[in-house]
Amino acid sequence: MMYDTYIFDLDGTLLDTLGDLAASVNYALRRHGMPEHSLDDVRRFVGNGVCKLMERAVPDGTANPLFEEAFATFREYYLYHSLDTTHPYEGIPETLAALRERGCRLAVVSNKMRKATEELCRHFFPDTIEVAIGEDEAAGIQKKPAPDTVFAALDALDSMEVLGSPGFSLGSPRIHTASTVYVGDSDVDIETAHNAGIPCVSVLWGFRDKDFLIQHGAKTFISAPQELLDNHR
């Protein structure tokens with residue numbers, strides 16, 4: 001199958017963010033007198049947004065009277081420490097550049113906070129990722145696995161493509177899901193792609209292993225970023 005539009009998850013797919021997420025979680029827990037978690041614990045907690053991450057990390061979750069304070073501490077700390085150890089997975093920058101050279105459109109959709117998503121993409125992928133959509137409750141866009149962020153990314157890519165051209169109309173999209181693929185590392189990503197009506201490629205270098213992904217419906221796998229190029233010859 002030849003794809004011309006790639007929608008990427010961020011954490012565990014393009015970027016190894018686990019160290020900074022774990023450090024931020026444990027800083028917030030420590031500040032509020034709660035037990036800390038191992039890196040593997042945090043790996044299991046991620047995937048459904050930072051609120052769910054902290055709900056899983058805080059004893060008794062949202063029922064804990066200190067939950068909102070701990071969550072606020074996490075958000076503040078992470079926004080200042082999201083680049084401490086975070087880095088692209090090996091081969092990711094080169095693969096994104098190769099896809100762009102072939103004329104493909106590239107976007108990121110994440111359950112990470114909107115500001116952090118935009119800043120990370122701007123920092124690591126300024127010349128390749130065209131659109132970055134993060135969690136933003138105020139915008140009324142449901143987070144993954146709802147398909148809203150995918151559709152928002154496609155709308156944004158479409159607007160960038162046709163804005164200013166003759167006959168431009170927001171009601172006349174040129175980017176269609178038939179030539180779009182979703183790339184992610186989790187069960188949430190598999191469900192998101194399904195809900196958006198597009199195929200999903202599951203990566204094996206992220207936060208979930210192959211057996212887990214198979215159990216959640218994954219059918220197509222890649223072990224290295226460069227394998228994405230085989231889908232666009």
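Residues numbered from 1 in each chain as written. Predicted model: local features only at pLDDT ≥ 70, side-chain atom pairs only at ≥ 80, totals over all residues. Heavy atoms only, no water.

Caption draft 1: Examining the packing of aromatic side chains more closely. Counted by the stated rule, this structure contains seven aromatic pairs. Where Y3 meets Y6, the ring centres are 6.2 Å apart and the plane angle is 80°; that geometry is what we call edge-to-face. The same class applies to Y3 and to Y6, which are both buried. With centroids separated by 6.1 Å and ring planes inclined at 15°, the aromatic side chains of Y6 and F8 adopt a geometry described as stacked. Overall, the relative accessible area of 0% leaves Y6 in the buried class. (Phe/Tyr/Trp six-rings, centres within 6.5 Å; stacked < 30°, edge-to-face > 60°. Buried < 20%, exposed > 50% of the residue type's maximum accessible area, 1.4 Å probe, protein only.)

Caption draft 2: Fine view of the nonpolar core. Within the largest apolar cluster, 49 residues are counted, with the highest numbers of intra-cluster contacts made by Y6, F8, L14, M54, F74 and I129. Among the elements that line this core, the one with the most residues is helix α1 (residues 18–31), at six residues. One finds V109, L154, I190 and I198 within the second-largest nonpolar core, a separate group that totals 18 residues. (Core = buried A, V, L, I, M, F, W, Y, C linked by side-chain atoms within 4.5 Å. Helix = DSSP H or I, 4+ residues; strand = E, 2+ residues; numbered from the N terminus.)

Caption draft 3: How the structure looks around the sheet that holds strand β5 (residues 131–135). Judged by pairing direction, the sheet is parallel, and its six strands sit side by side in the order β5-β4-β1-β6-β7-β8 without closing on themselves. The open sheet has two edge strands with one neighbour each: β5 and β8 (221–222). Bridging between strand β1 (residues 5–8) and strand β6 (residues 180–184) involves four bridges; their strand directions are parallel. Note that in β6 the partner of Y6 across the bridge is V181. In the packing of helix α6 (residues 114–124) onto the sheet, the strands contacted are β4 (105–113) and β5, and the crossing angle to β4 comes to about 140°. (Pairing = 2+ DSSP bridges. Contact = heavy atoms within 4.5 Å. Axes fitted to C-alpha atoms, helices over the stretch in contact; angles between N-to-C directions.)

Caption draft 4: Here's a closer look at the pairing of β4. With respect to burial, β4 is a largely interior element, nine of its nine residues being buried. Here β1 pairs with β4 via four bridges, running parallel. Bridge pairing in β4 places T5 opposite R105. Alignment of β4 against β5, held across four bridges, turns out to be parallel. Opposite V109, over in β5, you have I133 as the bridge partner. Assessed by its sense of winding, the connection that carries the chain from β4 through α6 to β5 is right-handed. (Right-handed = clockwise from strand over helix to strand, strands pointing away.)

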